[in-house]
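If you want the building blocks of each chain, they are given just below.
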Amino acid sequence: MTVANAQKFIKRGLIDSELRARLNRASNPDEIQKILEEENLDFTPGEFDEAFHHALTECQTTDAANQTKEFKGWWDLLFQTF
């Protein structure tokens, strides 16, 4: 698991609606982890947080920053449903 995987996940997740849909259909956190591993995107919650903050620093517009924040909101909400 690496921060680089979390960075790839954020970049891909922002544009890959199919990946987000697969994650939305997961019935528990273990299934989410399995999907991420299948995609070679496994990471820890701390690595995700580090990648998220890094992604925000790379945003060059307010819209890009807002989109990144919305993605993190979706990610956090995904785990609140269990």
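Anything mentioned here points back to the structure above.
Quick notes on the rules
Residues numbered from 1 in each chain as written. Predicted model: local features only at pLDDT ≥ 70, side-chain atom pairs only at ≥ 80, totals over all residues. Heavy atoms only, no water. Helix = DSSP H or I, 4+ residues; strand = E, 2+ residues; numbered from the N terminus. Rg over C-alpha atoms; globule rule 2.2 N^0.38 Å. Buried < 20%, exposed > 50% of the residue type's maximum accessible area, 1.4 Å probe, protein only. Contact = heavy atoms within 4.5 Å. Areas by Shrake-Rupley, 256 points an atom, 1.4 Å probe, with all protein chains shown as cover. Lys, Arg positive; Asp, Glu negative; His and termini not counted. Charge placed at Lys NZ, Arg CZ, Asp CG, Glu CD. Axes fitted to C-alpha atoms, helices over the stretch in contact; angles between N-to-C directions. Parallel < 35°, antiparallel > 145°, perpendicular 65-115°, else oblique. Left-handed = near helix turned anticlockwise from the far one by under 90°. Nonpolar A, V, L, I, M, F, W, Y, C, P; charged D, E, K, R; others polar. Phe/Tyr/Trp six-rings, centres within 6.5 Å; stacked < 30°, edge-to-face > 60°. Lys NZ or Arg CZ within 6 Å of the ring centre and 35° of its normal.

Q: Tell me about the overall build of the protein, and name the residues and values.
A: The number of helices and strands found in the protein is five helices and zero strands. Listing each helix as α and each strand as β along the protein from the N terminus yields α-α-α-α-α. The C-alpha atoms of the protein give 12 Å as radius of gyration, which agrees with the globular expectation for 82 residues (12 Å, within 12%). Overall, the C-alpha framework of the protein stretches about 35 × 25 × 20 Å when taken along its three principal axes. Burial statistics for the protein: of 82 residues in total, 33% are counted as buried. A sequence separation of at least 24 residues applies to 65% of the contacts in the protein between residues at least 6 apart. Accessible surface, the protein: about 5,100 Å² in total, of which carbon and sulfur atoms supply 49%. Averaged over its 9 positive side-chain charges, the protein has a centre that lies 3 Å from the centre of its 15 negative ones.

Q: Describe the packing of helix 2 (residues 17-25) against helix 3 (residues 29-38), naming the residues involved and giving the relevant values.
A: Where helix 2 contacts helix 3, the axes come no closer than 8 Å and their chain directions differ by 150°. With respect to helix 3, the axis of helix 2 lies roughly antiparallel. The handedness of the crossing between helix 2 and helix 3 comes out as right-handed. Contact with helix 2, carried on its side by Leu19, Arg22, Leu23 and Arg25, involves Glu31, Ile32, Ile35, Leu36 and Glu38 of helix 3 and no other residues of that element. Of the residues assigned to the contact of helix 2 with helix 3, the class counts are five nonpolar, no polar and four charged.

Q: Lay out the packing of aromatic side chains in plain terms, naming residues and giving numbers.
A: Two numbers describe a pair of aromatic rings. These are the distance of the centres and the angle of the planes. All chains considered together, the criterion is met by ten aromatic pairs. Measuring from centroid to centroid gives 5.4 Å for phenylalanine 9 and phenylalanine 71, while their planes differ by 55°, and the two rings are tilted. Here phenylalanine 9, found in helix 1 (residues 3-15), pairs with phenylalanine 71, found in helix 5 (residues 62-80); they are 62 residues apart in sequence, far enough to count as distant. As far as the burial class goes, phenylalanine 9 and phenylalanine 71 line up, both buried. The residue whose ring lies beneath lysine 72 is phenylalanine 52, and the NZ or CZ to ring-centre distance is 5.5 Å.

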